[in-house]
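# Close look at the chain arrangement
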Amino acid sequence: GIQVEQSPPDLILQEGANSTLRCNFSDSVNNLQWFHQNPWGQLINLFYIPSGTKQNGRLSATTVATERYSLLYISSSQTTDSGVYFCAVRPGSGYALNFGKGTSLLVTP
Amino acid sequence: KAGVTQTPRYLIKTRGQQVTLSCSPISGHRSVSWYQQTPGQGLQFLFEYFSETQRNKGNFPGRFSGRQFSNSRSEMNVSTLELGDSALYLCASSLVVSAYEQYFGPGTRLTVT
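The paragraphs below set out a description of the structure included in this document. (Residues numbered from 1 in each chain as written. Chains lettered and ligands numbered in written order. Predicted model: local features only at pLDDT ≥ 70, side-chain atom pairs only at ≥ 80, totals over all residues. Heavy atoms only, no water.)

What follows concerns the sheet that holds strand β3 (residues 19–24) of chain B. Residue and element names in this part refer to chain B. Overall, antiparallel pairing links the four strands, which are arranged β1-β3-β8-β7 in an open sheet. Single-partner strands in this sheet number two, and they are β1 (5–7) and β7 (64–68). Averaged over all neighbouring strand pairs, the angle between strand axes comes to 20°, with direction disregarded. Judged from the five bridges that link them, β3 and strand β8 (residues 74–78) form a sheet pairing that is antiparallel. Bridge assignment links S22 to a residue of β8, and that residue is E75. (Pairing = 2+ DSSP bridges. Helix = DSSP H or I, 4+ residues; strand = E, 2+ residues; numbered from the N terminus. Axes fitted to C-alpha atoms, helices over the stretch in contact; angles between N-to-C directions.)

What follows is the structure in C-alpha coordinates.
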(Lines give C-alpha, C1' and ligand atoms only; values in the text may rest on other atoms or scores of the structure.)
Protein backbone atom coordinates (compact mmCIF):
# COMPACT_ATOMS: atom_id res chain seq x y z
CA GLY A 1 0.00 0.00 0.00
CA ILE A 2 0.89 3.65 -0.13
CA GLN A 3 3.45 4.88 2.39
CA VAL A 4 2.93 8.21 4.15
CA GLU A 5 5.84 9.65 6.09
CA GLN A 6 5.63 12.77 8.20
CA SER A 7 8.51 14.76 9.61
CA PRO A 8 9.55 15.78 12.12
CA PRO A 9 7.79 13.38 14.53
CA ASP A 10 8.03 15.90 17.38
CA LEU A 11 8.48 19.64 17.44
CA ILE A 12 8.75 22.14 20.29
CA LEU A 13 8.41 25.83 19.48
CA GLN A 14 8.27 29.03 21.39
CA GLU A 15 5.18 31.16 20.82
CA GLY A 16 5.64 33.38 17.79
CA ALA A 17 7.98 31.05 15.93
CA ASN A 18 7.34 29.65 12.46
CA SER A 19 7.47 25.99 11.45
CA THR A 20 7.23 23.68 8.44
CA LEU A 21 5.79 20.18 8.62
CA ARG A 22 6.44 17.77 5.79
CA CYS A 23 4.48 14.85 4.34
CA ASN A 24 6.02 12.48 1.79
CA PHE A 25 3.92 9.85 0.02
CA SER A 26 4.95 6.97 -2.19
CA ASP A 27 2.29 6.94 -4.93
CA SER A 28 0.00 9.27 -6.86
CA VAL A 29 -2.95 10.56 -4.89
CA ASN A 30 -6.35 12.09 -5.62
CA ASN A 31 -7.00 13.36 -2.11
CA LEU A 32 -4.63 14.87 0.41
CA GLN A 33 -5.78 16.43 3.65
CA TRP A 34 -4.09 18.00 6.63
CA PHE A 35 -5.72 17.66 10.03
CA HIS A 36 -5.07 18.96 13.52
CA GLN A 37 -6.10 16.54 16.25
CA ASN A 38 -7.20 18.36 19.37
CA PRO A 39 -6.61 17.05 22.91
CA TRP A 40 -10.06 15.45 22.91
CA GLY A 41 -9.27 13.43 19.81
CA GLN A 42 -11.27 15.22 17.15
CA LEU A 43 -9.65 15.68 13.76
CA ILE A 44 -10.06 19.26 12.62
CA ASN A 45 -9.84 19.87 8.88
CA LEU A 46 -7.06 22.27 7.95
CA PHE A 47 -6.66 21.81 4.21
CA TYR A 48 -7.95 19.67 1.38
CA ILE A 49 -5.04 20.03 -1.01
CA PRO A 50 -4.32 17.26 -3.53
CA SER A 51 -2.24 19.82 -5.44
CA GLY A 52 -1.33 23.49 -5.38
CA THR A 53 -1.12 26.03 -2.59
CA LYS A 54 -3.73 27.27 -0.12
CA GLN A 55 -3.67 29.70 2.76
CA ASN A 56 -5.94 30.13 5.73
CA GLY A 57 -4.87 32.79 8.18
CA ARG A 58 -1.57 31.83 9.77
CA LEU A 59 -1.58 28.44 8.11
CA SER A 60 -0.71 27.60 4.54
CA ALA A 61 -0.07 24.39 2.65
CA THR A 62 1.57 23.37 -0.57
CA THR A 63 1.33 20.02 -2.35
CA VAL A 64 3.68 19.13 -5.20
CA ALA A 65 1.91 16.05 -6.49
CA THR A 66 4.52 15.27 -9.16
CA GLU A 67 7.23 15.09 -6.48
CA ARG A 68 4.93 13.38 -3.96
CA TYR A 69 5.17 15.71 -1.01
CA SER A 70 3.16 18.27 0.86
CA LEU A 71 4.20 20.99 3.29
CA LEU A 72 2.20 22.64 6.06
CA TYR A 73 3.44 26.05 7.22
CA ILE A 74 2.50 27.49 10.58
CA SER A 75 3.48 31.10 11.12
CA SER A 76 3.50 33.09 14.36
CA SER A 77 2.61 29.96 16.33
CA GLN A 78 0.30 30.17 19.34
CA THR A 79 -0.11 27.81 22.29
CA THR A 80 -3.47 26.77 20.87
CA ASP A 81 -1.63 25.34 17.85
CA SER A 82 -0.32 22.54 20.08
CA GLY A 83 -1.49 19.06 19.20
CA VAL A 84 -0.86 16.42 16.59
CA TYR A 85 -0.89 17.26 12.88
CA PHE A 86 -1.78 14.49 10.47
CA CYS A 87 -1.36 14.23 6.75
CA ALA A 88 -3.72 11.77 5.04
CA VAL A 89 -3.79 10.70 1.41
CA ARG A 90 -6.06 8.66 -0.80
CA PRO A 91 -4.13 6.91 -3.57
CA GLY A 92 -5.49 7.08 -7.08
CA SER A 93 -6.06 3.34 -7.07
CA GLY A 94 -7.34 3.17 -3.52
CA TYR A 95 -10.42 4.04 -1.58
CA ALA A 96 -9.47 5.07 1.94
CA LEU A 97 -7.50 7.83 3.55
CA ASN A 98 -4.06 6.59 4.59
CA PHE A 99 -2.67 8.51 7.51
CA GLY A 100 0.87 9.31 8.46
CA LYS A 101 2.04 8.86 12.04
CA GLY A 102 1.65 12.57 12.68
CA THR A 103 3.81 15.42 13.95
CA SER A 104 3.34 16.23 17.63
CA LEU A 105 3.68 19.99 18.11
CA LEU A 106 4.10 21.73 21.45
CA VAL A 107 4.07 25.53 21.50
CA THR A 108 5.35 26.99 24.75
CA PRO A 109 4.57 30.50 26.08
CA LYS B 1 -24.47 23.43 9.19
CA ALA B 2 -24.05 20.85 11.94
CA GLY B 3 -20.95 18.69 11.86
CA VAL B 4 -20.56 14.96 12.09
CA THR B 5 -21.95 13.60 15.34
CA GLN B 6 -21.05 10.36 17.07
CA THR B 7 -22.68 8.62 19.99
CA PRO B 8 -21.82 7.62 22.57
CA ARG B 9 -18.66 9.61 23.22
CA TYR B 10 -17.28 7.19 25.80
CA LEU B 11 -17.95 3.54 26.40
CA ILE B 12 -16.60 0.89 28.73
CA LYS B 13 -17.28 -2.74 27.89
CA THR B 14 -16.10 -6.14 29.07
CA ARG B 15 -14.31 -8.73 26.96
CA GLY B 16 -16.73 -10.91 25.06
CA GLN B 17 -19.48 -8.30 24.90
CA GLN B 18 -20.59 -6.53 21.76
CA VAL B 19 -20.93 -2.83 21.08
CA THR B 20 -22.73 -0.60 18.60
CA LEU B 21 -21.50 2.88 17.72
CA SER B 22 -23.51 5.47 15.83
CA CYS B 23 -22.56 8.21 13.39
CA SER B 24 -24.68 10.92 11.80
CA PRO B 25 -23.01 12.59 8.81
CA ILE B 26 -23.18 16.21 7.78
CA SER B 27 -26.54 16.95 6.18
CA GLY B 28 -26.37 16.14 2.48
CA HIS B 29 -23.32 13.91 2.77
CA ARG B 30 -23.90 10.42 1.53
CA SER B 31 -20.62 8.66 2.26
CA VAL B 32 -19.62 7.54 5.75
CA SER B 33 -16.24 6.01 6.59
CA TRP B 34 -15.05 4.54 9.87
CA TYR B 35 -11.50 4.58 11.25
CA GLN B 36 -9.86 3.10 14.31
CA GLN B 37 -7.09 4.97 16.13
CA THR B 38 -4.75 3.22 18.57
CA PRO B 39 -1.38 4.33 19.94
CA GLY B 40 0.35 1.35 18.35
CA GLN B 41 -1.26 1.22 14.90
CA GLY B 42 -2.27 4.83 14.38
CA LEU B 43 -5.30 5.61 12.26
CA GLN B 44 -6.60 2.69 10.23
CA PHE B 45 -9.50 2.45 7.79
CA LEU B 46 -12.33 0.12 8.77
CA PHE B 47 -14.98 0.51 6.07
CA GLU B 48 -16.91 2.94 3.90
CA TYR B 49 -20.62 3.08 3.20
CA PHE B 50 -22.38 4.88 0.38
CA SER B 51 -26.06 4.63 -0.49
CA GLU B 52 -26.60 1.96 2.19
CA THR B 53 -23.95 -0.28 0.62
CA GLN B 54 -20.52 -1.15 1.96
CA ARG B 55 -18.21 0.04 -0.76
CA ASN B 56 -14.86 -0.75 0.75
CA LYS B 57 -13.46 -2.60 3.73
CA GLY B 58 -10.14 -2.41 5.50
CA ASN B 59 -8.10 -5.24 6.91
CA PHE B 60 -10.10 -6.00 10.04
CA PRO B 61 -11.67 -9.29 11.22
CA GLY B 62 -15.29 -10.10 10.58
CA ARG B 63 -16.15 -9.14 14.18
CA PHE B 64 -16.22 -5.59 12.86
CA SER B 65 -19.29 -4.81 10.81
CA GLY B 66 -21.44 -1.86 9.92
CA ARG B 67 -24.44 -0.62 8.08
CA GLN B 68 -25.89 2.56 6.67
CA PHE B 69 -29.48 3.66 6.73
CA SER B 70 -31.51 5.50 4.11
CA ASN B 71 -30.88 8.81 5.88
CA SER B 72 -27.10 8.16 5.58
CA ARG B 73 -26.68 7.59 9.31
CA SER B 74 -24.32 4.71 9.99
CA GLU B 75 -23.67 2.26 12.75
CA MET B 76 -20.71 0.03 13.36
CA ASN B 77 -20.80 -3.07 15.49
CA VAL B 78 -17.99 -4.98 17.15
CA SER B 79 -18.85 -8.42 18.46
CA THR B 80 -16.94 -10.55 20.96
CA LEU B 81 -14.84 -7.64 22.15
CA GLU B 82 -11.15 -8.14 22.82
CA LEU B 83 -8.81 -5.99 24.90
CA GLY B 84 -7.10 -4.89 21.69
CA ASP B 85 -10.32 -3.31 20.45
CA SER B 86 -9.83 -0.48 22.94
CA ALA B 87 -9.43 2.54 20.71
CA LEU B 88 -10.83 5.81 19.50
CA TYR B 89 -13.33 5.11 16.73
CA LEU B 90 -13.73 7.97 14.29
CA CYS B 91 -16.43 8.45 11.72
CA ALA B 92 -15.98 10.65 8.67
CA SER B 93 -18.47 11.89 6.12
CA SER B 94 -17.99 13.19 2.62
CA LEU B 95 -20.29 14.49 -0.05
CA VAL B 96 -20.07 11.51 -2.36
CA VAL B 97 -17.18 9.07 -2.18
CA SER B 98 -14.02 9.24 -0.14
CA ALA B 99 -12.03 11.01 -2.83
CA TYR B 100 -13.81 14.15 -1.75
CA GLU B 101 -12.88 16.05 1.39
CA GLN B 102 -13.72 14.08 4.50
CA TYR B 103 -14.97 15.61 7.73
CA PHE B 104 -14.53 13.78 11.01
CA GLY B 105 -16.72 13.49 14.06
CA PRO B 106 -15.49 13.80 17.66
CA GLY B 107 -15.05 10.04 18.00
CA THR B 108 -16.16 7.34 20.41
CA ARG B 109 -13.55 6.26 22.93
CA LEU B 110 -14.06 2.56 23.64
CA THR B 111 -12.36 0.86 26.57
CA VAL B 112 -12.54 -2.91 26.84
CA THR B 113 -11.74 -4.39 30.27
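There's more to say after this.
Before going further, it helps to spend a moment on the pairing of strand β4 (residues 31–38) of chain B. Residue and element names in this part refer to chain B. Summarising burial for β4: eight of the eight residues are buried, a large majority. Linking β4 to strand β5 (residues 42–50), which pair antiparallel, is a turn of three residues. Two strands pair when backbone bridges link them, and β4 and strand β9 (residues 87–94) are joined in this way by seven bridges, in the antiparallel orientation. From the neighbouring strand, S31 faces β9, where its bridge partner is S94. (Buried < 20%, exposed > 50% of the residue type's maximum accessible area, 1.4 Å probe, protein only.)

Before going further, it helps to examine the state of the cysteines. Think of a disulfide as a covalent bridge from one cysteine sulfur atom to another cysteine sulfur atom. Residue and element names in this part refer to chain A. In total, this model carries two disulfides over all chains according to the counting rule given. The disulfide bridge from C23 ends at C87, spanning 2.0 Å between sulfur atoms. One quick way to see it: the torsion about the S-S bond of C23 and C87 is about -60°, and its sign makes the bridge left-handed. Of this pair, C23 sits in strand β3 (residues 19–25) while C87 sits in strand β9 (residues 83–91); the two residues are 64 residues apart in sequence, bridging distant segments of the chain. (Disulfide = S-S within 2.5 Å.)

What follows covers the sheet that holds strand β6 (residues 52–56) of chain A. Backbone-to-backbone hydrogen bonds join strands into a sheet, with any given pair of strands oriented parallel or antiparallel. Residue and element names in this part refer to chain A. Pairing is antiparallel in the open sheet, where five strands are placed in the order β1-β3-β8-β7-β6. In this open sheet, the two strands that pair with only one neighbour each are β1 (4–7) and β6. Shown here is a sheet whose adjacent strand axes are inclined to one another by a mean of 15°, direction ignored.

All names here are of chain B. Tracing the backbone shows T38 in strand β4. A residue is classified by how much of its surface remains accessible, and T38, at 14% relative accessible area, is buried. If we ignore the near neighbours within four places in the chain, the residues touching T38 are S86 and A87. (Contact = heavy atoms within 4.5 Å.)

We now examine the pairing of strand β5 (residues 43–48) of chain A. All names here are of chain A. Note: strand β4 (residues 29–37) against β5, five bridges, orientation antiparallel. Bridging across to β5, H36 finds its partner in I44. Here β4 folds back onto β5 in antiparallel fashion, the turn holding five residues, of which G41 has a positive phi close to 100°.

Residue and element names in this part refer to chain A. Counted under the stated rule, the structure contains five salt bridges over all chains. The residue R58 makes a salt bridge to D81 at a minimum N-O spacing of 2.8 Å. Of this pair, R58 sits in the loop between β6 and β7 (59–64) while D81 is found in the loop between β8 (69–74) and β9, placing the two residues 23 residues apart along the sequence. What makes R58 partly exposed here is its relative accessible area of 26%. (Salt bridge = Lys/Arg side-chain N within 4 Å of Asp/Glu carboxyl O.)

What follows is about the interface of chain B and chain A. Between chain B and chain A, the residue contacts involve 20 residues of the former and 17 residues of the latter. Of the roughly 1600 Å² buried between chain B and chain A on both sides combined, carbon and sulfur atoms contribute 51%. Viewed at the interface, chain A and chain B are joined by zero salt bridges. Of all the secondary-structure elements, those providing two or more residues to the side of chain B that touches chain A are β4, β5, β6 (53–57), β9 and β10 (103–104) of chain B. (Buried area = accessible area lost by both parts, 1.4 Å probe.)

If you look at the biggest cluster of nonpolar residues, it comprises 22 residues, and the most contacted ones within it are W34(A), L72(A) and V89(A). When residues of this core are traced back to their parent elements, those giving at least two are β2 (10–14), β3, β4, β5, β7, β8, β9 and β11 (103–108) of chain A. Grouped together as the second largest cluster of nonpolar side chains are 21 residues, Y49(B), F60(B), F64(B) and C91(B) included. (Core = buried A, V, L, I, M, F, W, Y, C linked by side-chain atoms within 4.5 Å.)

Residues and elements named next belong to chain B. Looking at the secondary structure, you find S33 in strand β4. A residue is classified by how much of its surface remains accessible, and S33, at 2% relative accessible area, is buried. Through-space distance from the C-alpha of S33 to that of S94 is 8.4 Å; in sequence the pair is 61 residues apart. With sequence-adjacent residues up to four places away left out, S33 is seen in contact with F45, F47, E48, L90, C91, A92 and Q102.

Purely geometric numbers; function is a separate question.
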